[in-house]
Amino acid sequence: MFNKQHFTELLSSGYQTKGEFIYLGAAMHQGEVYPEAAVKIPLKTLNRHGLIAGATGTGKSKTLQILAENLSKKGVPVLLMDVKGDMSGLFKPSAGEAFILSRHDKLNFPFEATGSPVEILSLSEENGVRLRATVTEFGPVLLSRILELSPAQSGIMSVIFKYCDDKHLPLLDLKDLKKILQYSTEDGKEEFEKSYGRISAASTGAILRNIVTLEQQGAYLFFGERSFEVEDLLRKNSDGRGYINILRLTDIQDRPKLFSTFMLSLLAEIYNSFPEQGDSDKPRLVLFIDEAHLIFDQASDALLNQIESIVKLIRSKGVGLFFVTQNPADVPADVLGQLGLKVQHALRAFTAKDRKAIKLAAENYPVSDFYDTKDELTTLGIGEALVTALDEKGRPTPLAATMLRAPMSRMDILSEEELQDLIDNSTLKEKYNHNIDRESAYEILTQKIERADRERAKEKAEEERKKIEKTSSRRRTSSAGDSQKAVIKVLTSATFIRGVMGVLNKLLK
Ligand SMILES: Nc1ncnc2c1ncn2[C@@H]1O[C@H](COP(=O)(O)OP(=O)(O)OP(=O)(O)O)[C@@H](O)[C@H]1O
Ligand SMILES: [Mg+2]
């Protein structure tokens, strides 16, 4: 028999919190909402990562919106991977439609309409603040993982980075990297061999081919300058609200490799730049990754390991990661095991495979006296979810079928003009949106090779001139006009272009 008092007492005490919290909604039982059993998530546990899962159209993106805008309101900045381009509404207050007000009536929770400070970011040439990183910042280890290089090839990559470091050659974009790889087995072969050991042309060829594959997915767009400073994700507006940084990734759905590359580099950069954050009352930054299966699809084992370890480590920097995906099984078990907050929307049981997935999903939730998790999973309505979180002491809260509050901001997207207006008023745009084509490895090496070619040509010309002088003085008969003609002929001859070895080496020293 369902004991209402027992239910409300257990749930309200389970979600009791002394510090700041985010109100998500109220617990339900068999379709009835119990406003006194409020589902409140302690702010201080939001660096313990989370999952928002559920079938299409069940309310995942709205849950994300609710969490993002409430974090912002509490002064926590957010970075949101907007794969579908449906998040811009966060900027404008909700119109407070009748269905929203009636939802809040059931929750007995006042509805407030408000927009959040938003910054639009972009990885490509799409409108928004450009997010870029240089090859040097990426580093040889990460780059080798992403390019799926063998240990020997990774070794070459490290040598290349070391060389560029020694010679002060900036590696900014993929053009630079390709140039130096070619150089190491062609014009710079001898020099490399002397100081760094022989580099096989077959290996650099293989690396170059992998770079081309990455480029074909559009990676050239985000390697370069000016590189994004992750501290810029931590901005607050004058009211102390955290910025919601929306990274528009609408054109990345068919390029999972690029997505995982970018995510990993971003996480690594955040990890390296942010100081440790001890026990804190709120996270420093929260990241939401919508369509998260895209990062895990097609990721190599090495890349997955890297992601798993960074998910573990980044928590201590006060950074929370939220994965949003249809099926919880899209997230690797090792990552799933580290998630503190789980918001599971309805799943659909069309096939035997679906039923198996539901059974598996149900097993990931705490056992409840009040719910048959498996049944709940298929009967939850839109904007309702099974929730389990961590309380202030880090203990799992009781499972709560929750009617979620509605977003305070608009549920639809901004119009083109509204979006343009937002982007035009961005303060970061000025900093990041002009292309800097600084002299880097590509230009420096190209100039070096050209200079060496010119030197060689000059030396050769000098040699030829001496030879001609010698012959003409020996003959004494030949006319000055003839020897001049000969010099001109030699100077323009193709044999001058390449020749005397070692000049280049001298130049590079
Ligand atoms: N918390 C909520 N309050 C009010 N309405 C909601 C809520 N959650 C969802 N809805 C309604 O359900 C619709 C679909 O929600 P949403 O876009 O979040 O689904 P989704 O799970 O992200 O779908 P998809 O997998 O297609 O991205 C919304 O447009 C809205 O009308
Ligand atoms: Mg969605």
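Quick caveat, the model's predicted, so the values are computed rather than measured. (Residues numbered from 1 in each chain as written. Chains lettered and ligands numbered in written order. Predicted model: local features only at pLDDT ≥ 70, side-chain atom pairs only at ≥ 80, totals over all residues. Heavy atoms only, no water.)

**Thoughts on the overall build of the chain**
Alright, step 1. Along the chain, the regular secondary structure elements total 19 helices and twelve strands.
Alright, step 2. Taken across its 509 residues, the chain has 54% of its residues classed as buried.
Alright, step 3. Summarising the internal contacts of the chain: among those between residues at least 6 apart in sequence, 76% fall at separations of at least 24.
Alright, step 4. As presented, the chain carries roughly 23,300 Å² of accessible surface, and 50% of it is formed by carbon and sulfur atoms.
Alright, step 5. In the chain, the 69 positive side-chain charges and the 71 negative ones have mean positions that sit 7 Å from each other. (Helix = DSSP H or I, 4+ residues; strand = E, 2+ residues; numbered from the N terminus. Buried < 20%, exposed > 50% of the residue type's maximum accessible area, 1.4 Å probe, protein only. Contact = heavy atoms within 4.5 Å. Areas by Shrake-Rupley, 256 points an atom, 1.4 Å probe, with all protein chains shown as cover. Lys, Arg positive; Asp, Glu negative; His and termini not counted. Charge placed at Lys NZ, Arg CZ, Asp CG, Glu CD.)

**Things to note about the packing of helix 5 (residues 151-166) against helix 7 (residues 189-196)**
Alright, step 1. Interhelical geometry of helix 5 versus helix 7 gives an angle of 95 degrees and a closest axis separation of 12 Å. In terms of orientation, helix 5 lies roughly perpendicular with respect to helix 7. The segment helix 5 lies against helix 7, with Val159, Ile160, Lys162, Tyr163 and Asp166 engaging Glu191, Phe192 and Tyr196. (Axes fitted to C-alpha atoms, helices over the stretch in contact; angles between N-to-C directions. Parallel < 35°, antiparallel > 145°, perpendicular 65-115°, else oblique.)

**A closer look at the sheet that holds strand 4 (residues 78-82)**
Alright, step 1. Pairing within the open sheet is mixed, and its twelve strands lie in the order 2-1-12-11-10-3-9-8-4-7-5-6. The open sheet terminates on both sides in strands that have one partner only, identified here as strand 2 (32-42) and strand 6 (129-130).
Alright, step 2. Two strands pair when backbone bridges link them, and strand 11 (residues 384-388) and strand 12 (residues 400-404) are joined in this way by four bridges, in the antiparallel orientation. Bridge pairing in strand 12 links Glu384 to Met403.
Alright, step 3. Across the sheet, helix 9 (residues 256-273) is in contact with strand 4, strand 7 (244-248), strand 8 (285-289) and strand 9 (319-325); its angle to strand 8 comes to roughly 170 degrees. (Pairing = 2+ DSSP bridges.)

**Quick look at the packing of aromatic side chains**
Alright, step 1. For the structure on display, the rule yields 14 aromatic pairs.
Alright, step 2. Consider the rings of Phe2 and Phe370, whose centres lie 6.2 Å apart with planes at 85 degrees: the pair is edge-to-face. One end of the pair, Phe2, is in the segment before helix 1 (4-14); the other, Phe370, is in the loop between helix 13 (352-363) and helix 14 (373-379), with 368 residues separating them in the sequence.
Alright, step 3. Residue classification places Phe2 among the partly exposed positions, given a relative accessible area of 28%.
Alright, step 4. A ring pair is formed by Phe7 and Phe370, whose centres lie 5.1 Å apart and whose planes are at 85 degrees; its orientation type is edge-to-face. On the criterion of sequence distance, the pair formed by Phe7 in helix 1 and Phe370 in the loop between helix 13 and helix 14 is long-range, its members being 363 residues apart. (Phe/Tyr/Trp six-rings, centres within 6.5 Å; stacked < 30°, edge-to-face > 60°.)

**Observations concerning the pattern of salt bridges**
Alright, step 1. Applying the stated criterion to the full structure yields 20 salt bridges.
Alright, step 2. Note that Lys431 is salt-bridged to Asp232, the shortest N-O span being 2.8 Å. You can see Lys431 sitting in helix 16 (residues 429-432) and its partner Asp232 sitting in the loop between helix 8 (201-216) and strand 7, a full 199 residues away along the chain.
Alright, step 3. Here Asp232 falls in the buried class, since its relative accessible area comes to 11%. (Salt bridge = Lys/Arg side-chain N within 4 Å of Asp/Glu carboxyl O.)

**Details of the site of ligand 1**
Alright, step 1. Around ligand 1, 18 residues are found, and the nearest of them are Thr56, Gly57, Lys60, Ser61 and Lys84.
Alright, step 2. Take Gly59: an N or O atom from its main chain is 3.1 Å from an oxygen atom of ligand 1.
Alright, step 3. Lys62 has a polar backbone atom sitting 2.9 Å from an oxygen atom of ligand 1.
Alright, step 4. Relative to its unbound accessible area of 630 Å², ligand 1 is 80% covered by the protein chains.
Alright, step 5. Elements with a minimum of two residues in the shell around ligand 1: helix 2 (60-73) and helix 3 (98-107).
Alright, step 6. Sorting elements by how many residues they give to the shell around ligand 1 places helix 2 first, with four residues.
Alright, step 7. Classifying every residue of the shell around ligand 1 gives six nonpolar, seven polar and five charged. (Near = heavy atom within 4 Å. Polar contact = N/O pair within 3.5 Å; in protein donor to acceptor, adjacent residues only side chain to side chain. Nonpolar A, V, L, I, M, F, W, Y, C, P; charged D, E, K, R; others polar.)

**Here we look at the confidence of the model for the chain**
Alright, step 1. Of the residues in the chain, 93% reach a pLDDT of 70 or more, and the chain-wide mean stands at 88.
Alright, step 2. Confidence drops under a pLDDT of 50 for residues 483-509, and excluding neighbours within four residues, the segment shows 48 contacts in the predicted structure. (pLDDT = per-residue confidence, 0-100.)

**As for helix 3**
Alright, step 1. All buried positions along helix 3 are accounted for by Ile100, Arg103, His104 and Leu107. The buried residues of helix 3 occupy one face: seen down the axis, they fall within an arc of 95 degrees. Looking at helix 3, the residues exposed on the side facing more than 90 degrees away from the buried face are Ala98, Phe99 and Asp105.
Alright, step 2. On its buried face, helix 3 sits against strand 1 (21-29), strand 2 and strand 12. (Arc of directions from axis to C-beta.)

**Focus on unusual backbone geometry**
Alright, step 1. Going from Glu225 to Arg226, the amide bond is cis rather than trans, its omega being 5 degrees.
Alright, step 2. By the secondary structure assignment, Arg226 is in the loop between helix 8 and strand 7.
Alright, step 3. The backbone of His49 sits at a positive phi, close to 65 degrees, despite the residue not being glycine.
Alright, step 4. On the basis of relative accessibility, which here comes to 1%, the residue His49 falls in the buried class.
Alright, step 5. Non-glycine residue Glu148 carries a positive phi angle of around 55 degrees.
Alright, step 6. Along the chain, the position of Glu148 falls in the loop between helix 4 (135-146) and helix 5.

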